[in-house]
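Chain and residue survey
So you can see what is in the structure, the chains are spelled out below.
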Amino acid sequence: MSLRSATVESDGWVEAVDAYIDNGWTDGLPVIPPTPEAVEAMLAAAGLDGTEALGEIPTRSLTVEAEKVAINAVMAGCLPDYFPVVVAAVRAHLQPLANAHSTTATLAGAAHAVVVNGPIRNEIGVECGQACLGPGFRANATIGRALRLVIRNVFRTVPGVLDRASFSWPLRYSFCFGENEELSDWTPLHVLEGYRPTDDVVTLMSVMRYLVATEFEPEPEAILGTLADTARINGLLVDEFVGDARGMMVILGPEHQRRLMDAGWTKESVRDDLFERMTRPTAGKHDNQVHLAAPENVLIVCAGGPGLAQSNLLMPHLAAPTHERVVRP
Amino acid sequence: MKLVTLDPTTAPPGESTAFSMAPRPASLAGQTLGIVANGLGRSELMFDALAEQLTKWDDLAGSVKVVKPSVAVPPWPDQWEAVTNGATVAVTGFGGCGSCSTRSMRDALDLEAAGIPAVCIVHEVLVPAVQALCRLLGADGYPFVTVGYPLNPTAMWDEDEASALAAQVLDGVRERLTR
């Protein structure tokens, strides 16, 4: 396998890390120096040639090639087995409706959630349960970080230059987790999207707002009402470009899920109910319609750990949630 | 022993392309102004006022305005056709947010490539972004028109502000669209 990227020579490991930081090639944290051997191992794990195009950003006339993505995955600390997931995340973000130019250059500083479904979660250790949105899990931390480094280095979205986020936010360091498919017999997200249960699938969601919905009352009416009311604080406007594909995500916590399951609800019935509540007409300054085309645009992912009766809502930037099957050689 | 590692960045695509501006008319008299608006805030008010003032002061023949389906995407194909078939000079914008400013700059560069003299109107806050995009695409130094505070970047202007802004950018637009 021949690599085409320019090489950098350093006196040693520490000097290489410093050089990458000094060149503005990191997120501010140290990285793993991407040696040709490590990059080749990454590409081999996905069965990709370095020249393979994963997609384009037309506004920037950029074509994203596998070799550059592999370099950034090494830097992020990914193991080679993670790389097919990283590739799927990048491909998902480069689908036209993911609107990659918009979501990475915006003043709003959208974050990019990578949700993993399918058997690969357990094989590579993508955390889906307790504390899955936070630090402590190599697969979560480095897959999410790899996407962000790709956005920075390959999409050329440098903060203060093409990345115009007024504040940006901590979710932009890394934001990857899996669905806890084993917790119940509820239909996993990727199956609802038409994939087989045995498929490995990444869902990519560009996130404008991260909303926390805490409801301690056990009745489904209270839980669903709070979820919908939380989404309705700001609502969601129509975007002609994204059109009917616009969607939002509910990360349903296990305490809420258990209450709903005990009362006989399914993921599909929860989705239908939330759609009806969220899309009611605007009623006031802090009660705004969430404009969605269909119940299927409410993506429900079961994740998180027991204890707090909380769920989280991811409201979209000017993009649709996109899905990409993870391809393994 | 030296450690050899790899560069993680993509080369700017502009390094392999040559950019040139479309030929400019001597004046705007008799020209048709294309307006490629991104719909940001109330920026359409400014474009409407600009077309009105150019008609009044420069004998513009008319205008063709399209409002794109989202702030940071290309025009729909039929919108692009309407502008490229109907306009002889064009303005794009408003460049008041991160992704919309750069996309509007790309619209201007695409119009130049189609042979239509163009200018993008950008808020001063977004100048580094549009300059970066121009460098990326091999159009370093491509001229644009800037506006600044006290007008807010996201174009939440009233009609009086929009009209005053149109008058403010008039000379710059004329200068960049003519030779």
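In what follows, the structure referred to is the one given above.
Owing to the predicted nature of the structure, the values given are computational and were not obtained by experimental measurement.

A short note on the interface of chain A and chain B
- Each side of the interface is counted separately: chain A has 45 residues, and chain B has 36 residues.
- In total, chain A and chain B occlude about 3400 Å² of area from one another, counting both sides; carbon and sulfur atoms represent 61% of this.
- The largest contributions to the chain A side of the interface with chain B come from A:Thr59, A:Arg156 and A:Arg164, which together make up 16% of the buried area.
- At the junction of chain A and chain B, the tally comes to one salt bridge.
- B:Lys2 serves as the salt-bridge partner of A:Asp11, at 2.7 Å between the closest nitrogen and oxygen.
- Counting across the interface, chain A meets chain B through 24 residue pairs in polar contact (both at pLDDT 80 or more).
- Secondary-structure elements contributing two or more residues to the side of chain A that touches chain B are strand 1 (7-10), helix 1 (13-22), helix 2 (36-46), strand 3 (62-65), helix 3 (66-76) and helix 5 (100-105) of chain A.
- Taken together, the residues that form the side of chain A that touches chain B break down as 22 nonpolar, 15 polar and eight charged.
- The pairing of strand 1 of chain A with strand 1 (residues 3-6) of chain B spans four bridges and is classified as antiparallel.

Some remarks on the packing of aromatic side chains
- According to the stated counting rule, one finds six aromatic pairs over all chains in the structure shown.
- Between A:Phe175 and A:Tyr210, the ring centres sit 6.4 Å apart and the planes meet at 50°, which makes this aromatic pair tilted. Remark: A:Tyr210 occurs in strand 6 (residues 201-214) and A:Phe175 occurs in the loop between helix 7 (138-153) and strand 5 (176-178); sequence separation between them is 35 residues.
- Measuring from ring centre to ring centre gives 5.5 Å for B:Phe19 and B:Tyr142, while their planes differ by 85°; the resulting arrangement is edge-to-face. Linking B:Phe19 in the loop between strand 1 and strand 2 (32-37) with B:Tyr142 in the loop between helix 4 (127-136) and strand 6 (145-147), this pair joins segments that are 123 residues apart in sequence.
- Of the residues examined, B:Phe19 reaches a relative accessible area of 28% and is grouped as partly exposed.
- Linked through ring pairs, A:Phe175, A:Phe177 and A:Tyr210 together constitute an aromatic cluster.

A short note on the pattern of salt bridges
Residues and elements named next belong to chain A.
- Tallied over the full model, the rule gives 26 salt bridges over all chains.
- A salt bridge links Arg 91 to Glu 52; its shortest N-O distance comes to 3.2 Å. Pair noted here: Arg 91 is in helix 4 (residues 83-93) and Glu 52 is in the loop between helix 2 and strand 2 (53-57), with a separation of 39 residues, a long-range link.
- The shortest N-O distance in the salt bridge between Lys 267 and Glu 179 comes to 2.6 Å. Taken together, the positions of Lys 267 in helix 11 (residues 267-278) and Glu 179 in the loop between strand 5 and helix 8 (189-192) put the pair 88 residues apart, joining distant regions of the chain. Assigned by exposure class, Lys 267 and Glu 179 land together as buried.

Section: the environment of A:Arg138
All names here are of chain A.
- Here Arg 138 is to be found in helix 7.
- Residue classification places Arg 138 among the partly exposed positions, given a relative accessible area of 47%.
- Separated by 105 residues in the primary sequence, Arg 138 and Gly 243 place their C-alpha atoms 36 Å from one another.
- When near neighbours in sequence (up to four residues on either side) are disregarded, Arg 138 contacts Gly 77, Cys 78, Leu 79, Tyr 82 and Ile 143.

Examining the sheet that holds strand 4 (residues 89-95) of chain B
All names here are of chain B.
- The five strands lie next to each other as 3-2-4-5-6, forming an open sheet whose pairing is parallel. The outermost strands of the open sheet, each flanked by one partner alone, are strand 3 (62-67) and strand 6. Adjacent strand axes in the sheet meet at a mean angle of 20°, parallel and antiparallel pairs treated alike.
- Of the pairings in the sheet, the one linking strand 5 (residues 118-123) to strand 6 comprises three bridges and is parallel in character. Each residue of the ladder has a partner; that of Ile 121, found in strand 6, is Val 145.

Let's talk about the nonpolar core
- In this structure, A:Phe83, A:Val90, A:Val114, A:Ile143 and A:Phe155 are the most contacted members of the largest nonpolar core, which totals 52 residues.
- Apart from the residues within four sequence positions on either side, A:Val114 is in contact with A:Ala89, A:Ile143, A:Leu147, A:Phe175, A:Cys176, A:Phe177, A:Val202, A:Thr203 and A:Leu204.

Some thoughts on a nonpolar patch on the surface
- On the surface, A:Trp13, A:Val14 and A:Ile32 cluster together into a nonpolar patch covering about 300 Å² of accessible area.
- Tracing the chain through its elements places A:Trp13 in helix 1.

Side note on a negative patch on the surface
- A cluster of like negative charges, contributed by B:Asp158, B:Glu159, B:Asp160 and B:Glu161, occupies part of the molecular surface.
- With relative accessibility at 32%, the residue B:Glu161 sits in the partly exposed group.

Thresholds, definitions, all that
- Residues numbered from 1 in each chain as written.
- Chains lettered and ligands numbered in written order.
- Predicted model: local features only at pLDDT ≥ 70, side-chain atom pairs only at ≥ 80, totals over all residues.
- Heavy atoms only, no water.
- Contact = heavy atoms within 4.5 Å.
- Buried area = accessible area lost by both parts, 1.4 Å probe.
- Salt bridge = Lys/Arg side-chain N within 4 Å of Asp/Glu carboxyl O.
- Polar contact = N/O pair within 3.5 Å; in protein donor to acceptor, adjacent residues only side chain to side chain.
- Helix = DSSP H or I, 4+ residues; strand = E, 2+ residues; numbered from the N terminus.
- Nonpolar A, V, L, I, M, F, W, Y, C, P; charged D, E, K, R; others polar.
- Pairing = 2+ DSSP bridges.
- Phe/Tyr/Trp six-rings, centres within 6.5 Å; stacked < 30°, edge-to-face > 60°.
- Buried < 20%, exposed > 50% of the residue type's maximum accessible area, 1.4 Å probe, protein only.
- Axes fitted to C-alpha atoms, helices over the stretch in contact; angles between N-to-C directions.
- Core = buried A, V, L, I, M, F, W, Y, C linked by side-chain atoms within 4.5 Å.
- Patch = residues over 30% accessible without salt bridge, like charges linked within 9 Å, V, L, I, M, F, W, Y side chains within 5 Å.
- Areas by Shrake-Rupley, 256 points an atom, 1.4 Å probe, with all protein chains shown as cover.
- Lys, Arg positive; Asp, Glu negative; His and termini not counted.
- Charge placed at Lys NZ, Arg CZ, Asp CG, Glu CD.

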